Amino acid sequence: MAATVAAMEQYGFTPEELDAALVSANADLQRSSAKLKPIETAICEKKELQKQVLAYAKTRDVRDGLKKQKSDKARRAYREKHESVFIIADAATRYFRAHGVSKLPSHKALQAEIEQLTAEKNAHYNEYREKKARVKELHTVKSNLSQILQGEKDREKKHEHER
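A quick note: this is a predicted structure, and the numbers were derived from the prediction, not measured.

**Q** Please clarify how the environment of Ala133 should be interpreted in this entry.
**A** Relative to the assigned elements, Ala133 resides in helix 6 (residues 107-162). By relative accessible area, Ala133 is classed as partly exposed at 45%. As a C-alpha pair, Ala133 and Leu29 span 104 residues in sequence and 9.6 Å in three-dimensional space.

**Q** Is there a simple way to think about the nonpolar core in this case?
**A** One finds Phe13, Leu18, Ala21, Leu22, Ala25, Leu29, Leu36, Tyr128, Val135, Leu138, Val141 and Leu145 forming the largest nonpolar core, which totals twelve residues. When contributions to this core are tallied by element, the ones reaching two or more residues are helix 2 (15-58) and helix 6. If one sorts the elements of this core by residue count, helix 2 sits on top with six residues. Not counting residues up to four positions away in its chain, the partners in contact with Tyr128 are Leu29, Ser32, Ser33 and Leu36. Counting six residues, the second largest nonpolar core, distinct from the first, contains Leu49, Val53, Ala92 and Leu110.

**Q** Mind showing me how you'd approach the pattern of salt bridges here?
**A** If charged atoms from side chains of opposite charge come close, those side chains can pair. Enumeration according to the criterion identifies eight salt bridges in this entry. The partner of Lys35 in a salt bridge is Glu127, with the nearest N and O atoms 3.7 Å apart. Linking Lys35 in helix 2 with Glu127 in helix 6, this pair joins segments that are 92 residues apart in sequence. A residue is classified by how much of its surface remains accessible, and Glu127, at 25% relative accessible area, is partly exposed. Its salt-bridge partner being Asp72, residue Arg75 comes within 2.9 Å of it at the nearest N-O pair. Placement of the pair is Arg75 and Asp72 together in helix 4 (residues 72-81), with a separation of three residues, close to one helical turn. Residue Asp72 is classed as exposed on the basis of its relative accessible area of 51%. By sharing partners, the salt bridges in this structure join Lys35, Glu127 and Lys131 into a single network.

**Q** Got a minute to help me understand the packing of aromatic side chains in this structure?
**A** Centre distance and the angle of the planes are the two values used to describe a pair of aromatic rings. Applying the stated criterion to the full structure yields four aromatic pairs. An angle of 75° between the planes, with centres 6.5 Å apart, marks the rings of Tyr78 and Phe86 as edge-to-face. Judged on exposure class, the residue Tyr78 and its partner Phe86 are both buried. Members of the aromatic cluster, connected to one another through ring pairs, are Tyr56, Tyr95 and Phe96. Lying across the ring of Tyr56, Arg63 places its NZ or CZ 3.8 Å from the centre.

Quick notes on the rules
- Residues numbered from 1 in each chain as written.
- Predicted model: local features only at pLDDT ≥ 70, side-chain atom pairs only at ≥ 80, totals over all residues.
- Heavy atoms only, no water.
- Helix = DSSP H or I, 4+ residues; strand = E, 2+ residues; numbered from the N terminus.
- Buried < 20%, exposed > 50% of the residue type's maximum accessible area, 1.4 Å probe, protein only.
- Core = buried A, V, L, I, M, F, W, Y, C linked by side-chain atoms within 4.5 Å.
- Contact = heavy atoms within 4.5 Å.
- Salt bridge = Lys/Arg side-chain N within 4 Å of Asp/Glu carboxyl O.
- Phe/Tyr/Trp six-rings, centres within 6.5 Å; stacked < 30°, edge-to-face > 60°.
- Lys NZ or Arg CZ within 6 Å of the ring centre and 35° of its normal.

Keep in mind these numbers describe shape, not what the thing actually does.
Quick look at the structure:
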């Protein structure tokens, strides 16, 4: 309670100004959160693309081996023998088509993009964390202030009942 009174004096808020500051801080928090969501989504998409590129790259030797087979019978036998690898390659191919990827990006380029997005996310997250702490502090001050005021009203009622 003493910390609440000290905070009220420090910021110079009246109860009405405290409400306005809390609304403003909540709006800032929402804007900060809105900045983070697209970045997090982009990171997830890039990581999924990276996963599919790696899976497709690992199947290259087997796919090349199929091309080396001379007859249809040998190709069918080779494909049956390496069916799990072809399933992985086909799934990656479907992913690329569904997401409009015509030229596969390099692993290093994707990793650099992910690192850049992660750095950006971390910078925004630090800002988000500060704003969240501010909202929490203001909410605590408001809650404590309402308890103080409620306590004063209760004391006034007790004095009236005693008279």
